[in-house]
Structures are given as structure tokens and as C-alpha cells.
Amino acid sequence: MAIVATTTPPMTASTARPLLWNDTRSGEAADQLVEELSGPAIWAQRIGVVPVASITAAKLRWLADHEPDHADATAACLPHDWLTWRLSGSSDIADLCTDRSDASGTGYYSAETDCYQTDLLELAFRGRAPAVPRVLGPRDSAGTTPQGAVLGPGAGDNAAAALGLGAGAGDCVVSLGTSGVVSAVGEAAPHDAEGLVAGFADATGHQLPLVCTLNGAPVLAAVAEMLGLDFDEFDRLALSAPAGADGLVLIPYFDGERSPNLPRAAGALHGMTTRNLNSANIARAAVEGLLSSMAYCIDKITGQGVDVERVILVGGGARSEAVRRIAPAVFNTAVYVPTPAEYVALGTARQAAWVLSGLETPPSWTVGVTTP
């Protein structure tokens, strides 16, 4: 989380390490917010998002309780909004703007109704009411820089990636980066009282139901390092083991977990015997465990009535041959693997072209394909 502050409070040890989205210190604050609104169902119904540690509302509650001076100085939230504001050269907080995708991750904006729920913002921030930016449409300009360059509305990373991939209705994007993210473009806005499927917006005017895990490709890196292997040898070993790793099961919750919401969890290796405990089975179990975590997320999205017809696998983890070859069996569907690229950056480039073109729909876009 980042803030636009009206003053510059003294730096403290705590603020030297600001709360990023994957910081679980705000887990207790999220639990408080759920309880204070009489349970998760009301959050899910009103905004499509139930607070967990990663949601902005939970970060604001943590800031209000642990650093009230900094909370008092907060004028607005989110790095995206601040960056666009600074690029415009404005010094007026009233000129702040954002897009639907980033606003939908705050915990006080409904992607379904396209409106803020400011009472939830004030609830989270202990009565404080920082500015909320104007929400732009997917092809609206955010103004210009002082030099005259046109500014696009911007987008959250997952929404930008979906735009760069050309994902449409029925597409489910599985991203294995630092975290694991499963999102699907569609019309249905989820209302998941369990809080796992977040009702986010995409960058084209549609919905982007999303499930995020704290554990992604670093699970594979950690296991490869523990085994003393480079990534090529790790892939070879994983593919040499049988499906199911002879009964060895790895739970990939190395850094706590968000989906399911277990911020204090740890990883585990189950089913060990004298016959199956070998490097090949451990490597296979790591790949299957990570992919099974993603399959769990896909099931949660389809359980909200979202149609999933195709899986698009991206991120650093998709560079693994073992991941690419094992994924179709775990997901029980065909898996499309685009050529590795910076799809978040490509999505913002496509958005820029859309804003400048004046077209009703995004400019046409194609991507390459990686074979297993």
C-alpha cells in the first residue's frame, strides 16, 4: 500500500517497511472488519470482496491502529492514483483519478455497481475519510502531462495482463509469478461469502473474478534449491516421476496462504515412506502441489457461475517444462501457453493505443504460443 500524504510524518522503523499487498501483518485487521460488518456475507453482497490481509481496507485499518499519525496525514490511497496525479502535474487532490480494476481491489468499491461505498472506507480507517479518486472508463483519458502527452486510465497488474493476452469471455488466466493468480474475464460479478473469489473489474469494462494465492513460482525455486538442482534438472526429475509422485503430497503454503485464508500456515510434505522419499518424487510433488493449488482456485471461480472454457498459463512458472506438461492433467483441460513476455506492460501499451485510437473496442492483438 502507498499513500499520498498531506504532511511528511517522521520515518519510523515500521514505515521503513510499508505494507505491500502480500504483507500478512494486516490479517487481524481484516478479521476485525469482517466481524464489524456482521460477517463476510454482507461484504460479499455489497462490494464482491471480503477483506483479507491483502485488501487496501485492511491495510488502512492496520495503519489507523498502529501508526495513527501517518493515518491522520493520509489524503488518498494507492500508488496508481498517485503516479497518474504526479504525471499530470496537478497539485489538487480533487484531480485524482483511477480505473475500475484498481478501485475494485480496495474493499470499498463495487465493480458490479461501479460505485464507492464510502461508509466502508470510513469504517476501515476509524472514521477518517481520505479522498477517493474519480473512476475512469477503460478507454477514457486521465488527462495529459505538462508536456502534452496523453495519459491513459491505467490498470491493475492482473487486469493489464489479461488485456495484453487478449483474454476474453471464457478465458481463465493462471499466472505463476511471485504469487499465484487465477482470473477469468466475464459478465458475472461474484458474491463469494467465503471471501476467496474477489469481485474485481478488468480493463475492458467487464468483470474479472479473481483468486490469489501467496505462493507461486518461488515454491518450485525453494524445492529446487533444497534438492541442489538447477531448473532444467528439476524439470527432468519431476517428469521422470510417476503422476501422483508415488503418494507423496506437497502442501505449498510456504509463506502462509490467502486462498484458503491461512495467513499463519506453513508448507508440509505428506505421505512419506521409505519407498517414495526420493528427489524425483519430491520435485513432482512440488509441481503437482502448486498446480493443485491453482486448480482449487479455478474451481472456486467456476463455483461462482463464471464460465471457464480455456486456461491461459503465464508467469515465470510457465517457463518450466514440467509445469507446462503436467498442468493439463491437473486442470483437466487444454492449457494454452503464450510465448513468455511482459504481458502487464503489453496490456498497458494496448490500452494506450485504445485511448489514442478512439475506437469502441481495443485494437486487435495477437500473441505467440509456447509448446509443452
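As the structure is a prediction and not an experimental result, all values here were calculated from the model.

Peer 1: Would you mind going over the overall build of the chain with me for this structure?
Peer 2: When helices and strands are tallied, the chain shows 13 helices and 16 strands. The globule rule puts the C-alpha radius of gyration for 372 residues at 21 Å, and the 21 Å found for the chain is close to it. Expressed as a percentage of its 372 residues, the buried residues of the chain come to 50%. Of the roughly 16000 Å² of accessible surface on the chain, 54% is carried by carbon and sulfur atoms. Side-chain charges in the chain split into 22 positive and 40 negative, and the spacing between the mean points of these groups amounts to 3 Å.

Peer 1: What exactly am I supposed to notice about helix H5 (residues 79-88) here?
Peer 2: Burial in H5 covers these residues: His-80, Asp-81, Thr-84 and Trp-85. Taken around the axis of H5, the buried residues stretch over an arc of 130 degrees, which confines them to a single face. A positive phi of about 80 degrees marks Gly-89, the residue just after H5.

Peer 1: Teacher, can you tell me more about the confidence of the model for the chain here?
Peer 2: Atom-level detail of predicted coordinates should not be read off regions where pLDDT is low. When the pLDDT values of the chain are averaged, the result is 92; 95% of them are 70 or greater. Across residues 1-16, confidence stays below pLDDT 50; counting only partners more than four residues off in sequence or on other chains, it has 37 contacts.

Peer 1: Hey, could you run me through the pattern of salt bridges in this one?
Peer 2: Note on pairing: side chains with opposite charge can pair once their charged atoms come close. Here the structure, examined in full by the defined rule, presents 13 salt bridges. The salt bridge involving Asp-23 is made with Arg-25; its shortest N-O contact spans 2.9 Å. In this structure Arg-25 comes out as partly exposed when scored by relative accessible area, which is 28%. The salt bridge involving Glu-36 is made with Arg-126; its shortest N-O contact spans 4.0 Å. With Glu-36 in helix H1 (residues 27-36) and Arg-126 in the loop between helix H7 (118-124) and strand S6 (134-136), this residue pair connects regions lying 90 residues apart in the sequence. The exposure class of Glu-36 is partly exposed, given its relative accessible area of 37%. Residue Arg-126 is classed as partly exposed on the basis of its relative accessible area of 43%.

Peer 1: Before we go on, may I ask you to explain the side chain of Ser-293 in this structure?
Peer 2: Positionally, Ser-293 belongs in helix H11 (residues 279-302). Residue contacts for Ser-293: discarding those within four places in its chain leaves Thr-213 and Pro-252.

Peer 1: Honestly, the environment of Ala-149 in this entry has me stumped. Any pointers?
Peer 2: The topology assignment puts Ala-149 in the loop between strand S7 (143-144) and strand S8 (150-151). A residue is classified by how much of its surface remains accessible, and Ala-149, at 40% relative accessible area, is partly exposed. Spatially, the C-alpha atoms of Ala-149 and Ala-334 are 42 Å apart, while their sequence positions differ by 185 residues. Once residues lying within four places of it in the same chain are set aside, the contact partners of Ala-149 are Gly-143 and Thr-144.

Peer 1: Please clarify how the pairing of strand S10 (residues 180-184) should be interpreted in this entry.
Peer 2: Regular strands place their side chains on alternate faces of the sheet. In terms of residue burial, S10 counts as a mostly covered element, since five of its five residues are buried. Covered by surrounding structure in S10 are Gly-180, Val-182 and Ala-184 together with Val-181 and Ser-183, the residues of both alternating faces. Alignment of strand S9 (residues 171-176) against S10, held across five bridges, turns out to be antiparallel. Counterpart to Leu-176 in the pairing with S10 is Gly-180. The turn joining S9 and S10, which pair antiparallel and follow one another in sequence, is formed by three residues. For S10 and strand S12 (residues 207-213), the ladder comprises four bridges, and the chain directions are antiparallel. Residue pairing in the sheet places Val-181 in a bridge with Cys-212 of S12.

Peer 1: How do you make sense of the packing of helix H8 (residues 157-165) against helix H13 (residues 343-357) when you look at a structure like this?
Peer 2: Relative placement of two packed helices is described by the angle separating their axes and the distance separating the axes. Between H8 and H13, the least distance of the axes is 7 Å, while the angle of their chain directions is 75 degrees. Considering their axes alone, H8 and H13 lie roughly perpendicular with respect to each other. Contact residues: H8 offers Asp-157, Ala-160, Ala-161, Leu-163, Gly-164 and Leu-165, while H13 offers Tyr-343, Val-344, Leu-346, Gly-347, Thr-348, Arg-350 and Gln-351. Counted by class, the contact of H8 with H13 contains seven nonpolar, four polar and two charged residues.

Peer 1: Just to check I follow, could you spell out the sheet that holds S12 for this structure?
Peer 2: Spatial ordering of the open sheet is given by S11-S12-S10-S9-S15-S16, a layout of six strands whose pairing is mixed. Where the open sheet ends on each side, the last strands, each with one partner, are strand S11 (198-201) and strand S16 (335-336). Bridging between S11 and S12 involves four bridges; their strand directions are antiparallel. Its bridge partner being in S12, Ala-201 is matched across the sheet by Gln-207.

Peer 1: Would you take a moment to explain the packing of aromatic side chains for this structure?
Peer 2: Aromatic rings in a pair are described by how distant their centres are and how their planes are angled relative to each other. A full pass over the atoms with the stated rule returns two aromatic pairs. With 6.4 Å between their ring centres and 25 degrees between their planes, Tyr-108 and Tyr-116 make a pair best called stacked. On the basis of relative accessible area, Tyr-108 is assigned to the buried category, the value being 5%. Aromatic pair Tyr-109 and Tyr-116: ring centres 5.1 Å apart, planes at 70 degrees, arrangement edge-to-face. For Tyr-109, a relative accessible area of 2% puts it in the buried group. Note that Arg-128 overlies the ring of Phe-125, its terminal NZ or CZ placed 5.6 Å from the centroid. Taking the ring centre of Tyr-336 as reference, the NZ or CZ of Arg-310 above it sits at 4.7 Å.

Calculation criteria
Residues numbered from 1 in each chain as written. Predicted model: local features only at pLDDT ≥ 70, side-chain atom pairs only at ≥ 80, totals over all residues. Heavy atoms only, no water. Helix = DSSP H or I, 4+ residues; strand = E, 2+ residues; numbered from the N terminus. Rg over C-alpha atoms; globule rule 2.2 N^0.38 Å. Buried < 20%, exposed > 50% of the residue type's maximum accessible area, 1.4 Å probe, protein only. Areas by Shrake-Rupley, 256 points an atom, 1.4 Å probe, with all protein chains shown as cover. Lys, Arg positive; Asp, Glu negative; His and termini not counted. Charge placed at Lys NZ, Arg CZ, Asp CG, Glu CD. Arc of directions from axis to C-beta. pLDDT = per-residue confidence, 0-100. Contact = heavy atoms within 4.5 Å. Salt bridge = Lys/Arg side-chain N within 4 Å of Asp/Glu carboxyl O. Pairing = 2+ DSSP bridges. Axes fitted to C-alpha atoms, helices over the stretch in contact; angles between N-to-C directions. Parallel < 35°, antiparallel > 145°, perpendicular 65-115°, else oblique. Nonpolar A, V, L, I, M, F, W, Y, C, P; charged D, E, K, R; others polar. Phe/Tyr/Trp six-rings, centres within 6.5 Å; stacked < 30°, edge-to-face > 60°. Lys NZ or Arg CZ within 6 Å of the ring centre and 35° of its normal.

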